[in-house]
Amino acid sequence: MNAAVATSVFAVFMVATVALGLLALRGRGKGGGLAEWSVGGRSLGPVFIWVLMAGEGYTSFSYLGAAGWGYNYGAPVLYVVAYMSCGYAIGYVVGPMLWAYARRHGLVGITDMVAHRFGRPWLGAVVAVLATVFLLPYIQLQITGMGVVLSVISYGAVSLNWAYFVAFAVTTGFVVVSGLRGSAWVSVLKDVLVIATLGFLAFSVPLHYFDGYGPFLDRLVTEKGEWLTLPGHGGGSGDGGGSGFGELWFISTTFLNSLTVVIFPTTVAGYLGARSADALRRNAVYLPAYNVLLFVPMLLGLAALFVVPGLTGAESNLALFKLVVDALPAWAVGLVGVAAALSSIVPMAVFMLVIGTMWGRSVLSLVPRFAERQKSAAQVVVVVAGSLALLLTYTAPNTLVRLSLISYEGMAQLLPMVLLALVWRRLTFRGAFSGLIVGVAVVCALVFTGNDPVGGVNAGLVALAANLAVALAVTLAGPRDADPRPDAEVLAHDPVGEEDESLDAARAARCASDHRV
């Protein structure tokens, strides 16, 4: 009976999710072209942009990984809150710059920007392939996360294999039809459920098991004090011992990820979907407040230490849901499961959307027969990418789980080519490309040989330092690129005041038109 109730609640909300995706297309004809599908026609207002970009911070990791890290290590998991808040501050400047650059030149992603900046279409294809390698693990991990959630809230009635397929089918069908606009609409539903369920759990779990936060925190400090300081439980002594999650790791990871998140392809998709640069600035101010909710699964992971001790390996990721299933009625379990599932669907949809857009725009468009059908090609790539992630989930899960270790570290190696190149004209193609090769090689070598962190420092930051050193050395020692275009054509800038001028011009044009009539 419990399984039937919880899965029924889940099924109803999954149908509502698909319906919202279809409703988002109302009044859009056949859905428009690639820009309408991939960046919402660049017309999303502040509310939709806010919930869409907030969705980047609330994935299945929020319900599974954050609680699992809190259960296993404790304090090191706070790096998530730190880097996202710092990233929003950096995005206050970077977001409007990328938005204005893409709008001025009709671009729809970072691969477009790189190709335009260096005047080499094939370079966009190279970046698309590289970014896909680092994004594909996220799709697999979201499929896994949603599958685990569905299996748990069904009290084991739905097998993991079927749950993985449901996650793939719902998300793939949803994103192919509705694109970024549909993801933004569903983000509203997701955020309402996330705020409601995490807010409820924040009060109900401590009361149910510990008679309140006072007794819970007293017990935590007394019995599990090691979890409350860096490097956390099992950290050993110093930054390089034990888990390796000490002070240097925390600082270096926060710094690296806060820089990387602003040029992450999914983040940029949110930037480019905005109606105005001012909407991005307002979001950057308010989004850090949303991170407060991330403390809830972290605390509940710590609470699970006392309620369900002895979880090891992947089981620790179920710490929060073991509390939920044990403490709540079936209908409430279903609602929490829906919130967690939508926290997988929304980011997974954007990841798939971005991969499809990159390939449709920068790879397949180089083939003449696909040049005029970029949207259709992108939608086909979405299905292929999702199918590949699903297949590897079944056949070789460890491969992509291992790759997930270098997702952020690997994506960070695009920083000089995507960001530095847009503000410094002197950076040459040879320098940027040489640095990229070195950075990717170093991060892969360090991670796959088990040397991450390096002396307590995030391996991605070490690789980025090598990347920058090579890029600068090759640029300064070599010849300048023979690019005749003016700076205004290849560099990005913050469009402060330009929107007001454009608005005034538009109003003047309308007034003149009304006067003629």
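Keep in mind it's a predicted model, so treat the numbers as computed, not measured.

### Some remarks on the overall build of the protein
- Secondary structure summary: the protein contains 24 helices and zero strands in total.
- Counting the 517 residues in the protein, one finds 56% classified as buried.
- Restricting to contacts in the protein with at least 6 residues of sequence separation, those with at least 24 account for 83%.
- Accessible surface computed for the protein: about 20100 Å², of which carbon and sulfur atoms make up 67%.

### Observations regarding the nonpolar core
- With 150 residues, the main nonpolar core has Y63, I139, I143, F321 and L414 as its most contacted residues.
- For this core, the leading source of residues is helix α16 (residues 330-363), giving 20 residues.
- Ignoring any residue separated from it by four or fewer positions in sequence, one finds Y63 in contact with V194, T197, L198, N317, L320, F321, V336, A339, A340 and S343.

### As for the packing of helix α14 (residues 295-307) against helix α15 (residues 319-327)
- Two elements in contact, α14 and α15, have axes separated by 8 Å at closest approach and are oriented at 70 degrees. The pairing of α14 with α15 is recorded here as roughly perpendicular in orientation. Here α14 contributes P297, L300, A303, A304 and V307 to the contact with α15, which in turn contributes A319, L320 and L323.
- Looking at the contact of α14 with α15 residue by residue, the class counts come to eight nonpolar, no polar and no charged.

### Looking at the confidence of the model for the protein
- Per-chain confidence: the protein averages 82 in pLDDT, with 84% of residues scoring 70 or above.
- Mean pLDDT across the elements of the protein ranges from a minimum in helix α24 (residues 498-516), with 46, to a maximum in helix α22 (residues 459-477), with 96.
- In this model residues 237-241 is a low-confidence stretch, pLDDT under 50, and it forms nine contacts with partners more than four residues away in sequence or in other chains.
- Ignoring residues within four places in sequence, the model shows residues 500-517, a span with pLDDT below 50, making zero contacts including any to other chains.

### Focus on unusual backbone geometry
- Backbone torsion omega between L230 and P231 reads 5 degrees, so that peptide bond is classified as cis.
- Within the element layout of this structure, P231 appears in the loop between α10 (213-223) and α11 (247-260).
- Along the chain, D452 connects to P453 via a cis peptide bond; the corresponding omega equals 5 degrees.
- One can find P453 in the loop between α21 (429-448) and α22.
- Although it is not a glycine, Y155 sits at a positive phi angle of roughly 55 degrees.
- In this fold, Y155 is placed in the loop between α8 (121-153) and α9 (160-210).
- In this structure, D211 takes a positive phi of about 65 degrees despite not being glycine.

### Topic: the packing of aromatic side chains
- Applying the stated criterion across every chain, the model contains 20 aromatic pairs.
- Between the aromatic rings of F165 and F168, the centroid separation amounts to 6.1 Å while the plane-to-plane angle is 50 degrees, which identifies the pairing as tilted. With F165 and F168 both in helix α9, this residue pair falls three residues apart, about one helical turn.
- For F165, a relative accessible area of 38% puts it in the partly exposed group.

### Some remarks on the pattern of salt bridges
- Across all of its chains, the model carries seven salt bridges by this definition.
- For the salt bridge of R282 with D278, the shortest nitrogen-to-oxygen distance reads 2.5 Å. One end of the pair, R282, and the other, D278, are both in helix α13 (residues 277-290), four residues apart, so they sit about a helical turn from each other.
- Overall, the relative accessible area of 35% leaves D278 in the partly exposed class.
- Of the charged contacts, one joins R430 and D481 as a salt bridge, the two residues approaching to 3.8 Å between their closest N and O atoms. Taken together, the residues R430 in helix α21 and D481 in the loop between α22 and α23 (487-490) connect sequence positions 51 residues apart.
- What makes R430 partly exposed here is its relative accessible area of 46%.

### Brief notes about a nonpolar patch on the surface
- Together, Y92, V93, V285 and Y286 line one region of the surface with nonpolar side chains, adding up to about 400 Å² of accessible area.
- Mapped by element, the contributors of at least two residues to the nonpolar patch are α6 (79-105) and α13.
- Residue classification places V285 among the exposed positions, given a relative accessible area of 51%.

### Points about the environment of I437
- Examined against the element boundaries, I437 turns out to sit in helix α21.
- In the structure, I437 is positioned 30 residues away from N467 in sequence and 7.8 Å away in space, judged by C-alpha atoms.

### Observations concerning α6
- Taking 1.5 Å per residue as the helical rise, α6 with its 27 residues ought to reach 39 Å, and the 36 Å between its terminal C-alpha atoms agrees with that figure.
- Roughly 50 degrees is the biggest bend found in α6, and it falls at G91.
- α6 sits mainly inside the fold: 19 of its 27 residues count as buried.
- Of the residues flanking the end of α6, it is G106, one or two places downstream, whose phi is positive at about 70 degrees.

### Quick word on the environment of I110
- Looking at where I110 falls in the secondary structure, it is placed in helix α7 (residues 110-118).
- With a relative accessible area of 2%, I110 lands in the buried category.
- I110 sits 17 residues away from V127 along the chain, and the two C-alpha atoms are 8.3 Å apart.
- Discounting chain neighbours no more than four positions away, the residues touching I110 are V127, I263, P265, V268, L414 and V418.

### Thoughts on the packing of α6 against helix α12 (residues 265-272)
- Between α6 and α12, the shortest axis-to-axis distance is 9 Å and the interhelical angle comes to 70 degrees. What the angle tells us is that α6 and α12 run roughly perpendicular. Considering the relative orientation of α6 and α12, their crossing is right-handed. Each of G91, G95, L98, W99 and A102 in α6 lies in contact with α12, whose residues at this interface are V268, Y271 and L272.
- Taken together, the residues of the contact of α6 with α12 break down into six nonpolar, two polar and no charged.

Rules used in this analysis
Residues numbered from 1 in each chain as written. Predicted model: local features only at pLDDT ≥ 70, side-chain atom pairs only at ≥ 80, totals over all residues. Heavy atoms only, no water. Helix = DSSP H or I, 4+ residues; strand = E, 2+ residues; numbered from the N terminus. Buried < 20%, exposed > 50% of the residue type's maximum accessible area, 1.4 Å probe, protein only. Contact = heavy atoms within 4.5 Å. Areas by Shrake-Rupley, 256 points an atom, 1.4 Å probe, with all protein chains shown as cover. Core = buried A, V, L, I, M, F, W, Y, C linked by side-chain atoms within 4.5 Å. Axes fitted to C-alpha atoms, helices over the stretch in contact; angles between N-to-C directions. Parallel < 35°, antiparallel > 145°, perpendicular 65-115°, else oblique. Nonpolar A, V, L, I, M, F, W, Y, C, P; charged D, E, K, R; others polar. pLDDT = per-residue confidence, 0-100. Phe/Tyr/Trp six-rings, centres within 6.5 Å; stacked < 30°, edge-to-face > 60°. Salt bridge = Lys/Arg side-chain N within 4 Å of Asp/Glu carboxyl O. Patch = residues over 30% accessible without salt bridge, like charges linked within 9 Å, V, L, I, M, F, W, Y side chains within 5 Å. Expected span 1.5 Å × (residues − 1). Bend = angle between axes of the 7 residues up to and from the residue. Left-handed = near helix turned anticlockwise from the far one by under 90°.

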